[in-house]
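# Geometric and topological summary
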There are 2 protein chains.
Amino acid sequence: MLFEDRVLYPEFRARMVSADEAAALIAPGDRVGMSGFTGAGYPKAVPGALARRMQAAHARGEDFRIGLWTGASTAPELDGVLAQAHGINMRMPYQSDPSCRKQINAGDMQYMDIHLSHVAPFVWFGFFGKLDVAVVEVAGVLPDGRLVPSSSVGNNKTWLDQADKVILEVNQWQPAELDGMHDIYYGTDLPPHRVPIPLVQPHDRIGEPYLRVDPEKVVAVVSTHHPDRNSVFNAPDECSQRIAGHIVDFLQQEVALGRMPRELLPLQSGVGNIANAVLAGLDAGPFKHLSAYTEVLQDGMLAMLKSGTLDSASATALSLSPAAMERFLADIDFYRQRIVLRPQEISNHPEVIRRLGLIAMNAMIEADIYGNVNSTHLMGSAIMNGIGGSGDFARNAYLSIFMTPSLAKGGAISCIVPMVSHVDHTEHDVQILVTEQGLADLRGKSPTQRAELVIEHCAHPDFRPQLRDYVERAKANPVGRHTPHLLGEALSWHQRFVQTGSMRG
Amino acid sequence: MLFEDRVLYPEFRARMVSADEAAALIAPGDRVGMSGFTGAGYPKAVPGALARRMQAAHARGEDFRIGLWTGASTAPELDGVLAQAHGINMRMPYQSDPSCRKQINAGDMQYMDIHLSHVAPFVWFGFFGKLDVAVVEVAGVLPDGRLVPSSSVGNNKTWLDQADKVILEVNQWQPAELDGMHDIYYGTDLPPHRVPIPLVQPHDRIGEPYLRVDPEKVVAVVSTHHPDRNSVFNAPDECSQRIAGHIVDFLQQEVALGRMPRELLPLQSGVGNIANAVLAGLDAGPFKHLSAYTEVLQDGMLAMLKSGTLDSASATALSLSPAAMERFLADIDFYRQRIVLRPQEISNHPEVIRRLGLIAMNAMIEADIYGNVNSTHLMGSAIMNGIGGSGDFARNAYLSIFMTPSLAKGGAISCIVPMVSHVDHTEHDVQILVTEQGLADLRGKSPTQRAELVIEHCAHPDFRPQLRDYVERAKANPVGRHTPHLLGEALSWHQRFVQTGSMRG
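Residues numbered from 1 in each chain as written. Chains lettered and ligands numbered in written order. Predicted model: local features only at pLDDT ≥ 70, side-chain atom pairs only at ≥ 80, totals over all residues. Heavy atoms only, no water.

### What about the interface of chain B and chain A?
- With 81 residues of chain B at the interface, the matching set in chain A holds 82 residues.
- Taken together, the two surfaces of chain B and chain A that pack against each other cover about 6,800 Å², and 57% of this comes from carbon and sulfur.
- Looking at the side of chain B facing chain A, the largest losses of area belong to R395(B), H428(B) and L487(B), adding up to 11% of the total buried there.
- Summed over the shared surface of chain B and chain A, the result is 2 salt bridges.
- A salt bridge links R355(B) to E351(A); the shortest N-O distance between them is 3.2 Å.
- For the pair chain B and chain A, the interface holds 38 residue pairs in polar contact (both at pLDDT 80 or more).
- When residues in the side of chain B that touches chain A are grouped by element, the largest group, 5 residues, is from helix α15 (residues 350-356) of chain B.
- Of the residues in the side of chain B that touches chain A, the class split is 35 nonpolar, 31 polar and 15 charged. (Contact = heavy atoms within 4.5 Å. Buried area = accessible area lost by both parts, 1.4 Å probe. Salt bridge = Lys/Arg side-chain N within 4 Å of Asp/Glu carboxyl O. Polar contact = N/O pair within 3.5 Å; in protein donor to acceptor, adjacent residues only side chain to side chain. Helix = DSSP H or I, 4+ residues; strand = E, 2+ residues; numbered from the N terminus. Nonpolar A, V, L, I, M, F, W, Y, C, P; charged D, E, K, R; others polar.)

Right under this line is the structure:
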């Protein structure tokens, strides 16, 4: 298929340039909004060209860095090359790139880690300043200039609306059959003019299939033919399978107690291997005719759609392994009827999440005995990735589940600790904790009751005596027995790991 | 006015009993939902009678404790007497009673501190078990058995719907003219059957003025004539006035920058003296035709309605000082047109809060240099009151402001610390911090950028050198410079206070 077949709006054909020419339109200090969400739908060519410009400028002794805003994580061709060129001064809202992470933790890159549902509104409100340039990958352009979105929507509507200048990348690798899969809602407004979002079922379509852009703002159109990142998943290991088993058992119990319909409630699943294993466990379980309302559709949900476990799925990004992508392409008409891709201000909107009543399942780095969860920091100071949408979902879900193996680093780290070294989800927001050891149902429990459940059900047996000892000694502390802590020891497990390489006493 | 004039439904007149007789219908181990929100609209007689039963049972060597659920804090006649009778085994969701607090912190009472917006839905879902008894104060009963709510709505709709048995207290002290001030929304449902809440302006009425109850469930009706708690406010001191001044200046700046209309956006204000002082500052400022969408209407907002600064106010409770109550009663027709009292699942609903785009202003115990806020715990372990609605509002507001004096305990405590000893509002949820020293605007900032603003604008000058020193040394720590911490020192200020009575080095 030719570029001309993808770009049916003549004005845009006339603005076709090379990636280098397009990158030349981005100036030092610009705030740049790029497409991309979990390695899907990010621009493939302009960031690399921009990184080369930056390196040349730095070689001349000139500063050339930008503020980089995206949907969420991208890929080496975007975050990777720009970080390696030392070209990012402020990054938001979520990243998972090793070069970015290294620079953030070296103090060389500023990073603003905010809830994904906040990004678009805060940009509309002007809280982060003017957006100078948008660089957005699309799958095509209609004869009237509207855009066929790519494999993710993310914040693209916002970037296209808010930027002074727009650079489009038309990626011919993206299947033309994506056309019709998206639902772009243009009914948002600024307060005091907001109205209810008319979405009442996960698969509802409330918008239109295409992105709008003011053609006058489109300063360059670049042709690409390059695949998405398409990470491979590990096959579920025994630990992940046991976590999945505990969750499936628990959901069956909730159905049996009459607290949930047999079709459950819409599923939300974080990304990664454990989440994928849990989805595989659900697919093998007794449930049928489920639905999903989530951020990212990964391999697990694709399989559930095919098997009939899942009737429909709503997300903002399609992030598949190469093998799953092949299955998706081979049966794209089947999937197009069952998948809706939305802007992330809708996929992650608290209004919609609370209305639908989701079962939120998210991975974590560590939890403490009182039910606080750390999703973002290693040893209190170093960022891992970011909070992503976990806060949007956990706070507003019907059921909020967090999961992790009980051990990390070959057993040197206990993922259940006396006090988490960073709090992303407070004790008020966490209902269910799961490790391969078991499941702790914290609903209706006080902090000390939670501590007992978390230690006995979730902590690894190797660390239980230490945790019990901590709680017993903390309860003897007269400062307060509501959330008993020994402040001099609360973070000592992390300190010990930093100093000795192990949390073991 | 006679009891008969208040209770126009003949069936209920026939069930009139003494408080002792009503309290005899409550059994050991019952879960009891009582009315009451910030010292308004709580039952005045049955809790005392129940406490006497408990004490008699305890004297006989029998256990007699209940699970006590309310809207929020109540008064000595409810929380106080039941705690003193050692009659509460589980309390939720918010309390501020000295006897309760003492027992919770002694480990003798379990306390579950959850977001106020979660209480009613989680009870509907059955997460906390069956509600056995409701004890609800009302202002009157209509001829058809519907109830005229009292000075707070709180969770009363939920208690009346969910309880097996209902005890009504008809309080003749409550003005009969409250009739028509309430708006009870009966359009909620369980997922997957939920629909948008049709509220688009703070003063919208979307329900009906009366509470419904199944008459068959009403087992007792008790007559009372007793005032609400009606706390007196302190006159704003210099510190509170300076906090108010910073906030008024900031809001004027936001209007000048075009980020907010001249009438601002709807105000939410926490309770207490500082909040009241900020409202007084706003009332003296340049703003007119404001609106409020909040939990509790206190003296400050009443004055703003009278002066014309505020056109309307929505809340779930009316909690006035005795002097303000006199002004309210003298002009009740004026206020009834401008005040709407709603169930707390609507006053605190994330869907509505995010739609309206509130300016949320809440007090806190302490903040850390990275923008995490502690609203609930003293020195990490002891509960103060609870999170209340601050999380519902802060996470979903247009602007989220937290405020505190920079010092506490006569200067022994810095309310700006390296790491908060408990996190109720994460770095992802806090935009503006204010002390009498100044205001830190954290929007768009990385953690280290926030630390500089918080130290230089909010911390007391006495503690700034110590805080700067902490950050500088933490930045030298190779573990990670995104959120630089020294884990061995992060909580040492609190430890020092516990050990020496002062955080000063």
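### Quick notes on the state of the cysteines
- Applying the stated criterion across every chain, the model contains 0 disulfides over all chains.
- Of the cysteine sulfurs around C239(B), a residue in no disulfide, the closest is that of C415(B), at 9.1 Å. (Disulfide = S-S within 2.5 Å.)

### Comments concerning the UniProt feature "domain: Acetyl-CoA hydrolase/transferase C-terminal" (unreviewed entry) in chain A
- In this structure's numbering, the residues bearing the UniProt feature "domain: Acetyl-CoA hydrolase/transferase C-terminal" (unreviewed entry) are residues 327-470 of chain A.
- Structurally, residues 327-470 of chain A comprises 31% helix and 25% strand, and the distance from its first C-alpha atom to its last is 51 Å. (UniProt positions renumbered as here; feature names shortened; annotations may be inferred.)

### Quick look at the sheet that holds strand β23 (residues 416-417) of chain A
- Across the sheet, which stays open at both edges, the 3 strands sit in the order β17-β16-β23 (chain A) with mixed pairing between neighbours. Both outer strands of the open sheet, β17 (373-374) and β23 of chain A, are each paired with one neighbouring strand and no more. (Pairing = 2+ DSSP bridges.)

### Here we look at the environment of W124(A)
Residue and element names in this part refer to chain A.
- Residue position: W124 is located in helix α7 (residues 116-124).
- Residue W124 is classed as buried on the basis of its relative accessible area of 14%.
- Those residues in contact with W124, other than ones at most four positions away along the chain, are K157, T158, Q162, T188, D189, L190 and E345. (Buried < 20%, exposed > 50% of the residue type's maximum accessible area, 1.4 Å probe, protein only.)

### Description of the pairing of strand β15 (residues 359-363) of chain B
Residues and elements named next belong to chain B.
- Burial runs high along β15: 4 of the 5 residues are buried.
- The sheet contact formed by strand β9 (residues 267-269) and β15 spans 3 bridges and is parallel. Of the residues in β15, the one forming a bridge with L267 is I359.
- Judged from the 5 bridges that link them, β15 and strand β20 (residues 399-403) form a sheet pairing that is parallel. When the sheet's bridge partners are listed, N362 is paired in β20 with F402.

### Brief notes about the sheet that holds strand β16 (residues 366-368) of chain B
Residue and element names in this part refer to chain B.
- With mixed pairing, the 3 strands of this open sheet are ordered in space as β17-β16-β23. A single partner strand is all that each edge strand has here, and the edge strands are β17 (373-374) and β23 (416-417).
- Sheet topology places β16 next to β17; 2 bridges connect them, and they run antiparallel. Residue pairing in the sheet places E366 in a bridge with N374 of β17.

### Description of the relation of the copies chain B and chain A
- Take chain B, turn it by 180°, move it 0.0 Å along the axis, and it overlays chain A with an RMSD of 0.0 Å. The relationship between the two copies is best expressed as a two-fold rotation axis. Taking C-alpha positions as reference, the residue of chain B nearest the rotation axis is E351(B), located at 2.1 Å.
- With an isologous cut-off of 70% or more, the 100% of interface residues of chain B that recur at the interface of chain A puts this contact in the isologous class. (Least-squares fit on C-alpha atoms with pLDDT ≥ 70 in both.)

### Notes on unusual backbone geometry
- The omega torsion of the bond from M92(A) to P93(A) falls at 0°, within 30 degrees of zero and hence cis.
- Along the chain, the position of P93(A) falls in the loop between β3 (88-92) and α6 (98-105).
- Put simply, P191(B) and P192(B) share a cis peptide bond, and its omega is 10°.
- For T38(A), which is not glycine, the phi dihedral falls at a positive 50°.
- Within the secondary structure, T38(A) sits in the loop between β1 (31-34) and α4 (46-59).
- A positive phi is found at H86(B), a non-glycine position, where the angle reads about 50°.
- Along the chain, H86(B) turns up in the loop between α5 (76-84) and β3 (88-92).

### Here we look at the packing of aromatic side chains
- Inspection of the entire model under this criterion finds 24 aromatic pairs over all chains.
- The interplanar angle of 35° and the centroid separation of 5.7 Å between the aromatic rings of F463(A) and W493(A) together place this pair among those described as tilted. Taken together, the positions of F463(A) in the loop between α17 (447-457) and α18 (464-475) and W493(A) in helix α19 (residues 492-500) put the pair 30 residues apart, joining distant regions of the chain. Across the pair, exposure class does not vary: F463(A) and W493(A) are buried alike.
- When the ring of F122(B) is compared with that of F127(B), the centres are 5.4 Å apart and the planes differ by 50°; the resulting orientation is tilted.
- On the basis of relative accessibility, which here comes to 8%, the residue F122(B) falls in the buried class.
- Assessed through its relative accessible area of 7%, F127(B) is described here as buried.
- The structure contains a cluster of three or more aromatic residues connected by ring pairs, namely W69(A), F122(A), F125(A), F127(A), F128(A), W159(A) and Y398(B).
- The ring centre of F334(B) lies 4.4 Å from the NZ or CZ of K306(B), which sits over that ring.
- Cation over ring: R338(B) sits above F334(B), and NZ or CZ is 3.8 Å from the ring centre. (Phe/Tyr/Trp six-rings, centres within 6.5 Å; stacked < 30°, edge-to-face > 60°. Lys NZ or Arg CZ within 6 Å of the ring centre and 35° of its normal.)

### A short note on the packing of helix α9 (residues 238-256) of chain A against helix α10 (residues 273-284) of chain A
Residue and element names in this part refer to chain A.
- Two numbers describe how α9 lies on α10: the axes approach to 8 Å, and their chain directions differ by 50°. Compared by their axis directions, α9 and α10 come out oblique. Both α9 and α10 take part in a crossing whose hand is right-handed. Within the contact between the two elements, α9 uses S240, I243, A244, I247, V248 and L251 and α10 uses I274, A277, V278, G281 and L282.
- Its residues placed into classes, the contact of α9 with α10 shows 9 nonpolar, 2 polar and no charged. (Axes fitted to C-alpha atoms, helices over the stretch in contact; angles between N-to-C directions. Parallel < 35°, antiparallel > 145°, perpendicular 65-115°, else oblique. Left-handed = near helix turned anticlockwise from the far one by under 90°.)

### Focus: the pattern of salt bridges
Residues and elements named next belong to chain A.
- Counting across every chain of the model gives 51 salt bridges over all chains.
- Salt-bridge contacts for D429 lead to R395; the nearest nitrogen and oxygen are separated by 2.5 Å. Placement of D429 in the loop between β23 and β24 (432-435) and of R395 in helix α16 (residues 390-396) is noted, with a sequence separation of 34 residues between them. The burial state of D429 is the same as that of R395; both residues are buried.
- A single salt-bridge network, built from bridges that share partners, covers E254, R259, D441 and R443.

### With respect to the nonpolar core
- Membership of the largest hydrophobic core comes to 165 residues, with the highest contact counts inside it found for F328(A) and F328(B).
- With 7 residues, helix α9 (residues 238-256) of chain B is the largest single contributor of residues to this core.
- For F328(B), the residues in contact, after removing those within four places along its chain, are L178(B), M181(B), L302(B), L318(B), L320(B), Y335(B) and I339(B).
- Membership of the second largest hydrophobic core comes to 75 residues, among which are C415(A), F497(A), I369(B) and M419(B). (Core = buried A, V, L, I, M, F, W, Y, C linked by side-chain atoms within 4.5 Å.)

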